[in-house]
Amino acid sequence: MSQTQKQSLFGLTLTQLQALCTELALPRFAAKQIARWLYVRRVESIEQMTDLSKAARAALEERYELGLSAPLKESCSVDGTKKYLFRTSQGEYIESAYIPDGERATLCVSSQAGCRMGCRFCATGRQGLQHSLSTTEIINQIFSIPESERLTNLVFMGMGEPLDNMENVLAALEIITAPWGMAWSPTRVTLSTAGVGRELERFLNETKVHLAVSLHNPFHEERTELMPIENAYPIREICNILRRYDFTGQRRVSFEYIVMEGLNDSPAHIKELCRLLDGIKCRINLIRFHKIPDSPYFSPSDERMRKFRDTLTAKGIQTTIRASRGEDIKAACGLLSTAERK
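Residues numbered from 1 in each chain as written. Predicted model: local features only at pLDDT ≥ 70, side-chain atom pairs only at ≥ 80, totals over all residues. Heavy atoms only, no water.

Colleague: Residue-level account of the pattern of salt bridges, with values.
Modeller: Scanning all chains against the criterion turns up 20 salt bridges. A salt bridge links Asp79 to Arg325, with the shortest nitrogen-to-oxygen separation between them at 3.5 Å. Of the two residues, Asp79 is situated in the loop between strand S3 (73-76) and strand S4 (82-87) and Arg325 in the segment after strand S14 (318-322); the sequence distance between them amounts to 246 residues. The class for Asp79 is partly exposed, based on a relative accessible area of 30%. Classification of Arg325 by relative accessible area gives buried; the value is 18%. A salt bridge links Glu230 to Arg223; the shortest N-O distance between them is 2.5 Å. Comparing Glu230 with Arg223 shows no difference in burial state: the two are buried. One network of salt bridges, with partners in common, ties together Glu74, Lys82 and Glu147. (Salt bridge = Lys/Arg side-chain N within 4 Å of Asp/Glu carboxyl O. Helix = DSSP H or I, 4+ residues; strand = E, 2+ residues; numbered from the N terminus. Buried < 20%, exposed > 50% of the residue type's maximum accessible area, 1.4 Å probe, protein only.)

As structure tokens, then:
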């Protein structure tokens, strides 16, 4: 079997590693040994898996490779944010953003090359969907950047809609949080969705990571103009799903709200937000709109952002303003796009 036909080990779950061991006539316990070498010790070659026999390593080498690939390009912002460009197995490109903040170091992970949600304010949405990422390609973003071992948090808020790539995203989350994998606390991970209702309940039932819902407008007609997904999964239905779950413990739900001056920041929008989110223990993260070419939307002033935040807070909804990071290298919210690479 040629090198290009070898399968990747990184991105395999314990169940898949156990099947691999059965296929190669290795003892079942070898699956946990391989997982430890991959996700804990971060091995650089199969040969370094020294608690496997030479015969076992040779059998692995014949059919498998680690499967990691380094980023093609690194862009550095004046604020310390870094953006990494990766090439996918299908010849497309994705971007990830590394965001240092004191003792916190967050990686914004992509789940798809492009996105088919078509949100009007998002550069990735304009690009359209090229393909969903494999679990290997998702995990590769975490393990292949120079800052990999410094990471404290992961946010699935990069390119793509995570719940539109459900199986591979769930497998990646399992690797990140399972005791046999990276063994991270689920509270260190957040997944953001525009609201794919058919997959949302499965995500909530099968994981314990935090949830962020892209809201951006509480009115059905106006949100439809911004986010076509509102036609299929109205935000009111998404909120009804969330009311059936408990967010009073460690797990949090937040709502992302990109503020566009004169479009979604009026007193009427505040009143409707309060009505929409009534009964859900949550917070709202306000994000200043980041200009993309030929966009009809405008960023609000800092004063307008603060007034919007303070009014919502006074009405009992915990509201924060998320600082913009990496805007000069197009790494800020809504700016990730690789369309020009084609």
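Now that the structure has been shown, the text picks up again.
Colleague: Explain the environment of Cys274 residue by residue, including any values.
Modeller: Mapped onto the secondary structure, Cys274 falls in helix H11 (residues 267-276). On the accessibility criterion, Cys274 (21% relative accessible area) is partly exposed. Sequence separation between Cys274 and Leu312 is 38 residues; the distance between their C-alpha atoms is 7.9 Å. Each residue touching Cys274, except ones within four places of it in the same chain, is listed here: Leu312, Lys315 and Ile317. (Contact = heavy atoms within 4.5 Å.)

Colleague: So what's going on with unusual backbone geometry? Which residues, and what values?
Modeller: Although it is not a glycine, Arg42 adopts a positive phi angle of roughly 55°. Residue placement: Arg42 occurs in the loop between helix H2 (30-39) and helix H3 (54-63). The exposure class assigned to Arg42 is partly exposed, which follows from its relative accessible area of 21%. Even without being a glycine, His216 presents a positive backbone phi close to 70°.

Colleague: For the side chain of Thr106, give the residues involved together with the corresponding values.
Modeller: Looking at the secondary structure, you find Thr106 in strand S6 (residues 104-108). With residues near it in sequence (within four places) discarded, Thr106 still touches Ala97, Tyr98, Ile99, Leu151, Asn153 and Val155.

Colleague: Explain the layout of surface pockets to me, using residue names and the numbers behind them.
Modeller: Quantified by volume, the second largest pocket comes out at close to 350 Å³. Along its surface, the second largest pocket is lined by 20 residues, and Ser8, Ser134, Thr135, Thr136 and Glu137 are the ones closest to its centre. Taken together, the elements giving at least two residues each to the lining of the second largest pocket come down to S4, helix H5 (135-143) and helix H6 (166-177). With 4 residues, the top contributor of residues to the lining of the second largest pocket is H5. Considered class by class, the residues forming the lining of the second largest pocket number 5 nonpolar, 12 polar and 3 charged. (1 Å grid on protein atoms, 1.4 Å probe; cavity = no way out; pocket = protein on both sides within 12 Å on 5 of 7 lines; lining within 4 Å. Points joined across faces, edges and corners; volume = space filled by probe spheres on them. Nonpolar A, V, L, I, M, F, W, Y, C, P; charged D, E, K, R; others polar.)

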